[in-house]
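Next come the chains, spelled out residue by residue.
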Amino acid sequence: MAELRLMTKQDIDECTKVYLKAFPKEDKLEEYFREWALKYFEEYIVDDRCFACVFEEADTIIGLITAIVIPRIGDDSTHIDTVAIDPDYQHKGYGTQMLNEFIKFSGGRIFTLTTMRDSNGYKLYSKLGFEDEKGSACMIMIPGVTDELIRYRAKLEGELSE
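Residues numbered from 1 in each chain as written. Predicted model: local features only at pLDDT ≥ 70, side-chain atom pairs only at ≥ 80, totals over all residues. Heavy atoms only, no water.

Engineer: I would appreciate a short explanation of the packing of helix 1 (residues 12-22) against helix 2 (residues 27-46) in the present structure.
Structural biologist: The relative placement of two packed helices is expressed as an angle between their axes plus a distance between the axes. Relative orientation of the contacting elements helix 1 and helix 2 amounts to 130°, with a least axis distance of 9 Å. One way to sum up the angle between helix 1 and helix 2 is to call them oblique. The element helix 1 and its partner helix 2 pack so that their crossing is right-handed. Contact with helix 1, carried on its side by Ile12, Asp13, Cys15, Thr16, Tyr19 and Leu20, involves Glu30, Phe33, Arg34, Ala37, Leu38, Phe41, Glu42 and Ile45 of helix 2 and no other residues of that element. Of the residues belonging to the contact of helix 1 with helix 2, the class tally is nine nonpolar, one polar and four charged. (Axes fitted to C-alpha atoms, helices over the stretch in contact; angles between N-to-C directions. Helix = DSSP H or I, 4+ residues; strand = E, 2+ residues; numbered from the N terminus. Parallel < 35°, antiparallel > 145°, perpendicular 65-115°, else oblique. Left-handed = near helix turned anticlockwise from the far one by under 90°. Contact = heavy atoms within 4.5 Å. Nonpolar A, V, L, I, M, F, W, Y, C, P; charged D, E, K, R; others polar.)

Have a look at this one:
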C-alpha cells in the first residue's frame, strides 16, 4: 500500500523524474524544466509555509504534491500547486489516495488549486469534492511582457478601427 510522507533533499532527483514523466517536455524545454524542478522542490522543502510530499509504494516514489499555506482572515487556506503521479501508476486510484491522505495530513480547512477543465486532473479533483468556481477568473500578469502585449493589442485595435 502506498504512503504519503514529507519530501527530503534525497528525494529531489527522483521527484524531478516523476514530474517530467507526468508532464513530458521536449528537448531543450525538458532540460529547462529539469533544472528548475530541482530548485522548485528544494524551495518547497526549506520554506515553512510550503509542503512537499512524496507518495511511495515499496520504496518507489510514484507521486508528489506541493502546496503553499496562504494566511487569510478567519482561516488559512492551502493552495495545491503540483499534483503528479507517474504515468505507470495513473488510473489505478493512486491520485485519489494521495490527495485524500494529503488533505488529512495538512490539516487545512480550505483547499484551492488551478487546473485546466479538459484535464484528467480536473476529473479527479471534481470527484474528490473540489468545485469549479465558474464566477472566478484565473488572471496572470508578467511585468514587462504583459505591458507590451497590452500596448500591442491597443495598437492593433486602433489600426482595425481606422
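Engineer: I tried to follow the side chain of Asp11 on my own but got confused; where do I start?
Structural biologist: Assignment of secondary structure puts Asp11 in the loop between strand 1 (3-6) and helix 1. Once residues lying within four places of it in the same chain are set aside, the contact partners of Asp11 are Arg5, Leu6, Val54 and Ile61.

Engineer: What should I look at first to understand the pattern of salt bridges in this one?
Structural biologist: Close approach of charged atoms allows side chains with opposite charge to pair. Tallied over the full model, the rule gives nine salt bridges. Lys21 is the partner of Asp86 in a salt bridge, and the nearest nitrogen-oxygen pair spans 3.3 Å. Taken together, the positions of Asp86 in the loop between strand 4 (77-85) and helix 3 (94-106) and Lys21 in helix 1 put the pair 65 residues apart, joining distant regions of the chain. Between Asp132 and Arg117 there is a salt bridge, with its nearest N and O atoms 2.7 Å apart. Remark: Arg117 occurs in the loop between strand 5 (110-113) and helix 4 (120-127) and Asp132 occurs in the loop between helix 4 and helix 5 (145-161); sequence separation between them is 15 residues. Taking relative accessible area as the criterion, Arg117 reaches 54% and is therefore assigned exposed. Taken together, the salt bridges that share partners define one network made up of Arg5, Asp11 and Glu56. (Salt bridge = Lys/Arg side-chain N within 4 Å of Asp/Glu carboxyl O. Buried < 20%, exposed > 50% of the residue type's maximum accessible area, 1.4 Å probe, protein only.)

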